[in-house]
Amino acid sequence: MYYTDFNAYRDFFLMYVAVGIFLVLINNNSNFVMAFSFQILPSLTVLIFTVLAVIAVFLIFRIRYYRNFTFGTVLEDINNTAYVKVEYDIRSNVKPNIYIVKNNVNAKEGDYVKLILEKKLMNINGNKPVNIMEIIK
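This write-up is about the structure you can find in this document. This one's a predicted model, so the numbers in the text were calculated from it and none came from an experiment.

Here we take up the pattern of salt bridges. Overall, the coordinates contain eight salt bridges when judged by the stated rule. One salt bridge connects Asp-11 with Arg-10, and the closest N-O pair in it is separated by 3.1 Å. Relative accessible area serves as the criterion here: at 13%, Asp-11 is assigned to the buried category. Linking Arg-64 and Asp-11 is a salt bridge whose minimum nitrogen-to-oxygen distance equals 3.6 Å. Within this pair, whereas Arg-64 is found in helix 3 (residues 44–65), its partner Asp-11 is found in helix 1 (residues 6–28), the two being separated by 53 residues in sequence. Linked by salt bridges that have partners in common, Asp-5, Arg-67, Asp-89 and Arg-91 make up one network.

Here it is as C-alpha cells:
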C-alpha cells in the first residue's frame, strides 16, 4: 500500500460503509420501499437502490482519485523490456503481480519506476502496466 494514497483507501472504505447504512435505512423504512416498489417484487426496490449506490460510489471514486499510472520496482532488465513488480494500487486499479513492460528509459534492476497503464474505461480484472514512464529517485 502506498502511504500517500491513505485518503483514497479511507474514502473507499467509508463510502461503502455509508452505502450499507443507507441500504439498512431504506430497507427499514416501509413507506419508502412501498413508494418506489414494484407490485410483484417489493424487495426488488432495495436491490435497485443497491446497484445505483454501488455505481455512484464507483463513479465518485473514479472521478476523484483515478490516475493512469502506477509505481513498481524493476526486477530484471532485458534489452528494451523489463520485469517489474507492482503492488496493489487502488487508485489505478492494478493488481499485484510481476509485469513485462517496455523499458525505453534504460531502467536497471532495483530501480523504482513510474509505469503507464493500458487505456481501458472499465476493467474488472484490473489495469496492466505497459511502459516505463520514468525512473523515480
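Next, the rest of the story.
To continue, consider the packing of aromatic side chains. Tallied over the full model, the rule gives six aromatic pairs. Look at Phe-22 and Phe-49: their rings are 6.4 Å apart centre to centre, the planes differ by 80 degrees, and that puts the pair in the edge-to-face class. With Phe-22 in helix 1 and Phe-49 in helix 3, the pair connects residues that are 27 residues apart, well separated along the chain. Take Phe-22: its relative accessible area is 39%, and that puts it in the partly exposed class.

Reading the values: the criteria
- Residues numbered from 1 in each chain as written.
- Predicted model: local features only at pLDDT ≥ 70, side-chain atom pairs only at ≥ 80, totals over all residues.
- Heavy atoms only, no water.
- Salt bridge = Lys/Arg side-chain N within 4 Å of Asp/Glu carboxyl O.
- Buried < 20%, exposed > 50% of the residue type's maximum accessible area, 1.4 Å probe, protein only.
- Helix = DSSP H or I, 4+ residues; strand = E, 2+ residues; numbered from the N terminus.
- Phe/Tyr/Trp six-rings, centres within 6.5 Å; stacked < 30°, edge-to-face > 60°.

Just distances and angles here, no functional claims.
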